[in-house]
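In case you want the letters, here they are:
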Amino acid sequence: MVMRLRVNAPEWDGGGNPEMEASCRKFRPTRDHDDFFGDGTGSQYQAKQICNGTYTDRVCPLREQCLQFALVNNEHYGVWGGLNALERAYIRKFVPKNEWSFDRAPSREDLEREWPNRVNAADFEDEADGEDGEPGGDEEEPLAAAG
């Protein structure tokens, strides 16, 4: 457990520049639903889509900084920089520190090879698609931007 941060968090508000604001700030969690830190469904697929631009048609401008923050501070929970905790653990274990980046994210096969009992299929696009080929099935409600 980190008692103090090794690196400070990025300016989530983009320093007042709306174009540089973190995409996740537009998707407020509720008491019953939080895709970034889980709401009991076991899937953080929608949070990863927000970071990676599926919902907003643009990759979050802070995705790489956010991921670095989580990796350096060894954040064990939630989606940070478009990756879940297991994906970040893989990077920390198998990727040299000077190469840590979203581009070095593991594939599902990498994760299943290393930790076969820890992979949540719902966190991967091919498993989370509904019958219509669109993300999520009838049981999921897509997030709506706040504001």
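Because the structure is predicted, anything quoted here is derived from the model rather than measured.

Trainee: Even after reading the chapter, I still don't get the environment of Arg118, so can you show me in this structure?
Mentor: By the element assignment, Arg118 lies in the loop between α4 (108–114) and α5 (125–128). The exposed category is assigned to Arg118, whose relative accessible area is 53%. In this structure, the C-alpha to C-alpha distance between Arg118 and Leu86, residues 32 residues apart in sequence, is 7.8 Å.

Trainee: Just checking my understanding: could you explain the packing of aromatic side chains for this structure?
Mentor: When we look at a pair of aromatic rings, we describe it by the centre distance and by the angle of the planes. Overall, the coordinates contain seven aromatic pairs when judged by the stated rule. When the ring of Trp12 is compared with that of Phe69, the centres are 6.3 Å apart and the planes differ by 85 degrees; the resulting orientation is edge-to-face. Of the two residues, Trp12 is situated in the segment before α1 (45–52) and Phe69 in helix α2 (residues 63–72); the sequence distance between them amounts to 57 residues. An aromatic cluster is defined as three or more aromatic residues linked by ring pairs; in this entry it consists of Trp12, Phe37, Phe69 and Trp80. When the ring centre of Trp115 is taken as origin, the NZ or CZ atom of Arg118, which lies over that ring, is 5.2 Å away.

Trainee: Help me understand the nonpolar core in this model?
Mentor: Buried together is how nonpolar side chains tend to be arranged in soluble globular proteins. By size, the foremost hydrophobic cluster in this structure holds eight residues: Leu67, Leu71, Val72, Leu83, Ile91, Val95, Trp100 and Phe102. When sequence neighbours within four positions are dropped, the list of residues in contact with Val95 reads Tyr90, Trp100 and Arg104.

Cut-offs applied
- Residues numbered from 1 in each chain as written.
- Predicted model: local features only at pLDDT ≥ 70, side-chain atom pairs only at ≥ 80, totals over all residues.
- Heavy atoms only, no water.
- Helix = DSSP H or I, 4+ residues; strand = E, 2+ residues; numbered from the N terminus.
- Buried < 20%, exposed > 50% of the residue type's maximum accessible area, 1.4 Å probe, protein only.
- Phe/Tyr/Trp six-rings, centres within 6.5 Å; stacked < 30°, edge-to-face > 60°.
- Lys NZ or Arg CZ within 6 Å of the ring centre and 35° of its normal.
- Core = buried A, V, L, I, M, F, W, Y, C linked by side-chain atoms within 4.5 Å.
- Contact = heavy atoms within 4.5 Å.

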